[in-house]
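Notes for the structure review
Residue strings, one per chain:
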Amino acid sequence: MPEVEIRKRLVTVEEIFHEGGPPATTPLRRGAIIAVIRNPFAGRYVEEIAGFMDDLKPLGLAMAQQLIRALGGDPKAIEGYGKGAIVGAAGELEHGALWHVPGGYAMREALGGAKAIVPSAKKVGGPGTRLDVPVTHIDASYVRSHFDAMEVGVPDGPKADEIALVLVMTTGARIHARVGGLKAGEIKGEDGLR
């Protein structure tokens, strides 16, 4: 498989103090890291692409570790996560799917074995395309207070022959979460769902 060629990396961290209600004692931190890489399959159909996932694994782990550092450095402080990919116009949606294993498993490993499946979104688009990356709790997908999303994008990417690979992490529930459902303190940790 081809080597991973990174053009640029972006890191964004938001601090959310309130959503119209009283300010939170501790603001929610939501962060994203994006790596814009050359798409080795752009402009042509290639049948066997799955091997490129192995090439992306070191990048996934490095990005997960860098995002944890950007959010304060303590993996135990991370409560939510998600991943995504924006494929440039000369690629296909399946090229974004190559990020599922290297992006998801990297975050789970960096966070000490998180149990929930990492939610994902992907699309094909040109420079400046925005993507809403879904977020759920790292140990139980049904924790309703952690259902969230973070909008991400790259001003000058992805170019037609690139892919923007995204990881998102959060430090807690939505500010003012109050619509019931499974609470983080009620997680059983048996199956990644509850």
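Structure shown above.
Residues numbered from 1 in each chain as written. Predicted model: local features only at pLDDT ≥ 70, side-chain atom pairs only at ≥ 80, totals over all residues. Heavy atoms only, no water.

1. Comments concerning helix α3 (residues 100-110)
Condition: Here's how the labels work: a residue is buried when its accessible area is under 20% of the maximum for its type, exposed when over 50%, partly exposed in between, all with a 1.4 Å probe on protein chains only. Per the convention used, a helix needs a DSSP run of H or I reaching at least four residues, while a strand needs a run of E reaching at least two, with both numbered from the N terminus. The contact rule is simple, with two residues in contact once any of their heavy atoms fall within 4.5 Å.
What α3 keeps buried is the set Pro102, Gly103, Gly104, Ala106, Met107 and Ala110. In this fold, the buried residues of α3 make contact with α1 (52-70), β3 (80-87) and β7 (162-170).

2. Some details on the packing of aromatic side chains
Short version of the rule: Aromatic rings from Phe, Tyr and Trp, with only the six-membered ring used for Trp, were paired whenever their centres fell within 6.5 Å, and each pair was classed as stacked if the ring planes differed by under 30 degrees, edge-to-face if by over 60, and tilted otherwise. Both a distance and an angle decide whether a charge sits over a ring: NZ of Lys or CZ of Arg must be within 6 Å of the ring centre and within 35 degrees of the ring normal.
Tallying each qualifying case throughout the model produces 1 aromatic pair. Ring geometry for Phe41 versus Phe52: centroids 5.7 Å apart, planes at 90°, classification edge-to-face. Of this pair, Phe41 sits in the loop between β2 (28-38) and α1 while Phe52 is found in helix α1, placing the two residues 11 residues apart along the sequence. Comparing Phe41 with Phe52 shows no difference in burial state: the two are buried. The positively charged end of Arg108 is found above the aromatic ring belonging to Tyr105, 5.4 Å away from the centroid.

3. Some remarks on unusual backbone geometry
Trans is the prevailing form of peptide bonds, just as negative phi is the prevailing case for residues other than glycine. The omega torsion across Gly157 and Pro158 is 0°, close enough to zero to call that bond cis. One non-glycine residue with positive phi stands out, namely His176, at about 70°. Secondary-structure assignment places His176 in the segment after β7.

4. Quick word on the nonpolar core
Put simply, the rule reads: Buried Ala, Val, Leu, Ile, Met, Phe, Trp, Tyr and Cys residues form a nonpolar core when they are joined through side-chain atoms within 4.5 Å.
Counting 32 residues, the largest nonpolar core has Ile37, Leu56, Tyr81, Leu165, Leu167 and Met169 as the members making the most contacts within it. Within the residue set of this core, elements represented by two or more residues are β2, α1, β3, α3 and β7. Element by element, the count of residues in this core is highest for α1, at 7 residues. With residues up to four places along the chain from it excluded, the contact list for Met169 reads Arg29, Arg30, Gly31, Ala64, Leu67, Ile68, Leu71, Ile78, Gly80, Tyr81, Met107 and Leu111. One finds Ile34, Val36, Ala121 and Val166 within the second-largest nonpolar core, a separate group that totals 14 residues.

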